[in-house]
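# Structural overview
One-letter residues, chain by chain:
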Amino acid sequence: MSSSDTEPPAGALPVVAPQLRALRRRASLTLEAAARDAGLSPAHLSRLETGQRQPSLPMLLSLARTYGTTVSDLLGETAADRDAAVRAADMEPTAAGGWTYWPAGAAGRGMQALRVHVPHRSQGDIVRVHPGEEWLYVLKGRLRLRLGDALHRLGPGDSAHFDSLTPHRIAAQDPDGVELLFVHTLLQSPTAALCLGPTDGEAS
């Protein structure tokens, strides 16, 4: 295992680790219970809370649902920061788990909008199953989207809108990765525990 698998990437936001711990305690969840609901091991969640590991975007989404909050809240943004317009100059990138993403919507809303760069062969990809809907639009590069047993290959200008209860996984097809717009609803449900964890050997 390389050092990049155990150390947070340079420039990762330090607020994520203490915020994860604070939100878990606010939800009155033990480490074991929160990890189970988010589809993680207790040891992995502990490393996230101490800053030894940085969460990927799918992990942040799962943890946000577990704690009944948003990715923006996990990143330390507050409702006071909310504005109808999001300016390009204010979209600070966040690197976590090899992914890079920018807020593309206001904090504290019922939908979460993000611009995401997914690198080729990124670590921590998970198959996800949860309530709600997701919509994505490919800006650059090519995307592999697996929905249940179906595999879709999407290029620039292509989009997908699907029920999040369908097991799904995204992966970049090109060495330069893929950039996309990503919008999802923030419905809360115990079925957030249905995240299935990492998968290997997906056909290229």
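Refer to the structure presented above.
In short, a report on the structure. A quick note: this is a predicted structure, and the numbers were derived from the prediction, not measured. (Residues numbered from 1 in each chain as written. Predicted model: local features only at pLDDT ≥ 70, side-chain atom pairs only at ≥ 80, totals over all residues. Heavy atoms only, no water.)

## What about the sheet that holds strand 7 (residues 150–154)?
- Here we have 3 strands laid out as an open sheet, ordered 7-6-9, and antiparallel in their pairing. Because the sheet does not close on itself, it has two edges, and the strands there are strand 7 and strand 9 (168–172). Between one strand axis and the next, the sheet turns through 20° on average, direction left out of account.
- Relative to strand 9, strand 6 (residues 143–147) runs antiparallel, the two being bridged by 5 bridges. Paired with Leu147 across the strands is His168, a residue of strand 9. (Pairing = 2+ DSSP bridges. Helix = DSSP H or I, 4+ residues; strand = E, 2+ residues; numbered from the N terminus. Axes fitted to C-alpha atoms, helices over the stretch in contact; angles between N-to-C directions.)

## Things to note about the pattern of salt bridges
- Taken as a whole and judged by the stated rule, the model has 3 salt bridges.
- Linking Arg115 and Glu179 is a salt bridge whose minimum nitrogen-to-oxygen distance equals 2.8 Å. One end of the pair, Arg115, is in strand 3 (residues 111–118); the other, Glu179, is in strand 10 (residues 178–185), with 64 residues separating them in the sequence.
- On the basis of relative accessibility, which here comes to 23%, the residue Arg115 falls in the partly exposed class.
- Between Arg142 and Asp174 there is a salt bridge, with its nearest N and O atoms 2.7 Å apart. Of this pair, Arg142 sits in the loop between strand 5 (133–140) and strand 6 while Asp174 sits in the loop between strand 9 and strand 10, placing them 32 residues apart in sequence. (Salt bridge = Lys/Arg side-chain N within 4 Å of Asp/Glu carboxyl O. Buried < 20%, exposed > 50% of the residue type's maximum accessible area, 1.4 Å probe, protein only.)

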